[in-house]
Amino acid sequence: AQSVTQPDARVTVSEGASLQLRCKYSSSVTPYLFWYVQYPRQGLQLLLKYYSGDPVVQGVNGFEAEFSKSNSSFHLRKASVHWSDSAVYFCAVSTHSNYQLIWGSGTKLIIKP
Amino acid sequence: DMKVTQMPRYLIKRMGENVLLECGQDMSHETMYWYRQDPGLGLQLIYISYDVDSNSEGDIPKGYRVSRKKREHFSLILDSAKTNQTSVYFCASSLVTEVFFGKGTRLTVV
């Protein structure tokens, strides 16, 4: 069975600083991996996805994520955060045999001025 | 414009009343979902629909039922709402692996 763990419920970062949000997954096969973002009072929006190939994938608004098979991880990064990045970020996995997404519990990102 | 629309956005109901949450999508996606989101629990899947009249229970179906009579519409029904069903409910539709979400319905059962 697949599972996703986001170990940090909240992360606080100063504006302009770099960011890493952690995601660990468990799967018997290489999964499809996703990061979604949820802004206040909104639904979730796709930030980026990994299917195969280059382990570093680029997303919207300067976000990127790196897939590591050896570490079973798919961490999200951004070089310089902006106050508008304040949101909840969800990591999710699925496989090609079952496209249903398995969700992490989310990480709330707080940006300090 | 790809969109999932949920109505209403906010709803207050008394315990024991019936609740209907409606969802529409304009992308002709076959697969649609209902989730609920509670603080600290992330997203919990209530039901998944693979097409018209082809619905399957998710992880927490108890107390809920669904109806999908047209591909574009997927309804969530709470018969005799309970206070522990107070939550934010999200509808979503998907094309293969990419999932599109509505903005949610905040339901309060008092």
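As shown above, the structure is provided for reference.
Residues numbered from 1 in each chain as written. Chains lettered and ligands numbered in written order. Predicted model: local features only at pLDDT ≥ 70, side-chain atom pairs only at ≥ 80, totals over all residues. Heavy atoms only, no water.

1. Some words on the packing of aromatic side chains
Residue and element names in this part refer to chain A. Rules: For Phe, Tyr and Trp, rings pair up if their centres lie within 6.5 Å, where Trp contributes its six-membered ring, and each pair is then called stacked (planes under 30 degrees apart), edge-to-face (over 60) or tilted (otherwise). Under the DSSP-based scheme used, a helix requires at least four consecutive residues in state H or I and a strand at least two consecutive residues in state E, with every element numbered from the N terminus. Between buried and exposed lies partly exposed: a residue is buried under 20% and exposed over 50% of the maximum accessible area for its type, with that area taken using a 1.4 Å probe on protein chains only.
Under the counting rule described, the total for this entry stands at 17 aromatic pairs over all chains. With 6.4 Å between their ring centres and 45° between their planes, tyrosine 50 and phenylalanine 74 make a pair best called tilted. Highlighted residues: tyrosine 50 in strand β6 (residues 44–50) and phenylalanine 74 in strand β9 (residues 73–78), separated in sequence by 24 residues. Overall, the relative accessible area of 5% leaves tyrosine 50 in the buried class.

2. Some points on the interface of chain B and chain A
This is how it is decided: Throughout, a contact is declared for two residues whenever any of their heavy atoms are within 4.5 Å. In this description, buried area is defined as the sum, over both parts, of the accessible area (probe of 1.4 Å) that is lost when the two are combined. Whenever Lys or Arg places a side-chain nitrogen within 4 Å of a carboxyl oxygen from Asp or Glu, that contact is recorded as a salt bridge.
The interface is formed by 17 residues belonging to chain B together with 19 residues belonging to chain A. It is Leu43(B), Thr97(B) and Phe101(B) in chain B that bury the most area against chain A; as a group they hold 34% of the surface buried on that side. Scanning the region where chain B abuts chain A turns up 1 salt bridge. Between Lys49(A) and Glu98(B) there is a salt bridge, with the nearest N and O atoms lying 3.2 Å from each other. Elements represented by at least two residues in the side of chain B that touches chain A include exactly β4 (31–38), β5 (42–51) and β10 (98–101) of chain B.

3. Concerning a nonpolar patch on the surface
Quick note on the threshold: Only residues whose relative accessible area exceeds 30% and that take part in no salt bridge are eligible for patches, with like-charged residues grouped when within 9 Å of each other and nonpolar side chains (Val, Leu, Ile, Met, Phe, Trp, Tyr) grouped when within 5 Å. Note that accessible areas follow from Shrake-Rupley with a 1.4 Å probe, and for residues the cover is restricted to the protein chains shown.
There is a patch of nonpolar side chains on the surface, built from Tyr99(A), Leu95(B) and Val96(B) and spanning about 290 Å² of accessible area. Tracing the chain through its elements places Tyr99(A) in the loop between β10 (87–94) and β11 (102–103).

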